[in-house]
Amino acid sequence: MNTRCLIVDDEPLAIQLLESHIAQLPELEVAATSSNAMEAMGILKTERIDLLFLDIQMPMITGVEFLRSVSNPPKVIFTTAYREYAVEGYELDVVDYLLKPITFERFFKAINKYLDQTSPQQVLSDQIVENEEGHLFVNVNKKNVKVVFNKVLYVESIKDYIKIHLEDETLVTKEKISDFEVKLPISFLRVHRSYIVNKSKIDAFTAADIEIGPHEIPIGGNYKREVQEALKG
């Protein structure tokens, strides 16, 4: 039986990102989404919800206040753009706390925590969602060009364009890096608002940057914790 998820967030893009992450795991399904707490309350009363992705900063009532008002709530994963809510979230015995922008790597770890609490035998292995030999097509000068994932070193954002740095060439396509990120497998890691790296290509890293061959990619302040967890784990 699939895990039925409810996403509650007043930001449509945040909902879309979580929907994209959930779509990559066949064990999960999106039962419903909501932009406010009152609507979410009605959904919880009428639908079977196993896992709730709950934004903390919402108008009218916060996610924390909402959770405290729900009797017999499902398992909860908090989502927020602010680190300071983490302690309060854990006091409410939530499964995990995800800091926006939510990378697939970090999302995947949170789902494993949930499965470990509910069905330990179902904990996912990286191979289930890994797609190293996969590919996608990107539009380069009005031509659809095949990009093989395991040949990508890193991805760089330049305004509304991205540069895909491959082992032997660089491709430029018009797309926002956040939209491109959700198309990538778990071997890719967002390390900066402007950079995504292929973890298998990393030669070395510090608290401030990542080295891939002669390239030095900075680690953004908002990504440091997730990057350190992903690379040291």
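Residues numbered from 1 in each chain as written. Predicted model: local features only at pLDDT ≥ 70, side-chain atom pairs only at ≥ 80, totals over all residues. Heavy atoms only, no water.

Peer 1: Can you walk me through the confidence of the model for the chain in this structure?
Peer 2: Detail in the predicted coordinates should be disregarded across regions flagged by low pLDDT. Per-residue confidence for the chain gives a mean pLDDT of 87; residues scoring 70 or more make up 90%. Across residues 126–132, where pLDDT falls below 50, the model places 17 contacts with residues more than four positions away in sequence or in other chains. (pLDDT = per-residue confidence, 0-100. Contact = heavy atoms within 4.5 Å.)

Peer 1: Looking at this structure, how should I read the packing of aromatic side chains?
Peer 2: By the definition in use, this model includes five aromatic pairs. Ring geometry for F149 and F188: centres 6.1 Å apart, planes at 70 degrees, overall edge-to-face. You can see F149 sitting in the loop between β7 (143–148) and β8 (152–158) and its partner F188 sitting in strand β11 (residues 188–192), a full 39 residues away along the chain. A single burial state applies to F149 and to F188, both of which are buried. One aromatic cluster in this structure is built from F53, F104, F107 and F108. (Phe/Tyr/Trp six-rings, centres within 6.5 Å; stacked < 30°, edge-to-face > 60°. Helix = DSSP H or I, 4+ residues; strand = E, 2+ residues; numbered from the N terminus. Buried < 20%, exposed > 50% of the residue type's maximum accessible area, 1.4 Å probe, protein only.)

Peer 1: Please clarify how the pattern of salt bridges should be interpreted in this entry.
Peer 2: A pair can form between side chains of opposite charge whenever their charged atoms are brought close. Counted under the stated rule, the structure contains 14 salt bridges. Among the salt bridges present, the one from E29 reaches R4, with a minimum N-O distance of 3.6 Å. Here R4 lies in strand β1 (residues 3–8) and E29 lies in strand β2 (residues 28–34), a separation of 25 residues in the sequence. Assessed through its relative accessible area of 16%, R4 is described here as buried. Across the salt bridge formed by K100 and E11, the nearest N and O atoms sit 3.9 Å from each other. Taken as a pair, K100 in the loop between β5 (96–99) and α5 (104–118) and E11 in the loop between β1 and α1 (12–23) lie far apart in primary sequence, 89 residues in all. Salt bridges sharing partners connect three or more residues here, namely D9, E11, D55 and K100. (Salt bridge = Lys/Arg side-chain N within 4 Å of Asp/Glu carboxyl O.)

Peer 1: Please clarify how the sheet that holds strand β13 (residues 204–205) should be interpreted in this entry.
Peer 2: As a general point, the strands of a sheet are linked pairwise by backbone hydrogen bonds and lie either parallel or antiparallel. If you walk across this open sheet you meet the three strands as β13-β14-β15, and the pairing is antiparallel. Unpaired on one side and paired on the other, β13 and β15 (215–218) mark the two borders of the sheet. Where β13 meets strand β14 (residues 209–212), two bridges bridge the pair, whose relative direction is antiparallel. Directly across from A204, in β14, lies its bridge partner E211. (Pairing = 2+ DSSP bridges.)

Peer 1: Can you walk me through the packing of α5 against helix α8 (residues 224–232) in this structure?
Peer 2: The description of two helices packed together rests on the angle between their axes and the distance between the axes. With their axes 10 Å apart at the nearest point, α5 and α8 run at an angle of 70 degrees to one another. In terms of their interaxial angle, α5 and α8 are classed as roughly perpendicular. α8 is crossed by α5, and the crossing has left-handed handedness. Across the interface between the two elements, E105, R106 and K109 of α5 pack against E226, E229 and A230 of α8. (Axes fitted to C-alpha atoms, helices over the stretch in contact; angles between N-to-C directions. Parallel < 35°, antiparallel > 145°, perpendicular 65-115°, else oblique. Left-handed = near helix turned anticlockwise from the far one by under 90°.)

Peer 1: What's the story with the sheet that holds β8 in this structure? I'm lost.
Peer 2: Sheet architecture is open: five strands sit in the order β10-β9-β8-β12-β11, paired in antiparallel fashion. With one partner strand each, in any of the chains shown, β10 (170–174) and β11 form the two edges of the open sheet. Mean inter-strand twist for the sheet, computed between neighbouring axes without regard to direction, equals 20 degrees. Relative to strand β12 (residues 195–198), β8 runs antiparallel, the two sharing three bridges. Looking at the pairing, V155 lines up with I196 of β12.

Peer 1: What is the right way to look at the pairing of β1 in this model?
Peer 2: The side chains of a regular strand alternate, residue by residue, between the two faces of the sheet. Of all six residues in β1, six are buried, a share of seventy percent or more. Side chains T3, C5 and I7 project from β1 onto one buried face, and the interleaved R4, L6 and V8 project onto a second face that is buried too. Regarding topology, α1 serves as the crossover connection from β1 to the parallel β2, and that connection is right-handed. Sheet topology places β1 next to strand β3 (residues 51–55); four bridges connect them, and they run parallel. Along β3, the bridge assignment pairs C5 with L51. (Right-handed = clockwise from strand over helix to strand, strands pointing away.)

Peer 1: I'm lost on a nonpolar patch on the surface in this one. Help?
Peer 2: A cluster of nonpolar side chains, I158, Y161 and V172, forms an exposed patch at the surface whose accessible area comes to about 250 Å². Residue position: I158 is located in strand β8. For I158, a relative accessible area of 39% corresponds to the partly exposed category. (Patch = residues over 30% accessible without salt bridge, like charges linked within 9 Å, V, L, I, M, F, W, Y side chains within 5 Å. Areas by Shrake-Rupley, 256 points an atom, 1.4 Å probe, with all protein chains shown as cover.)

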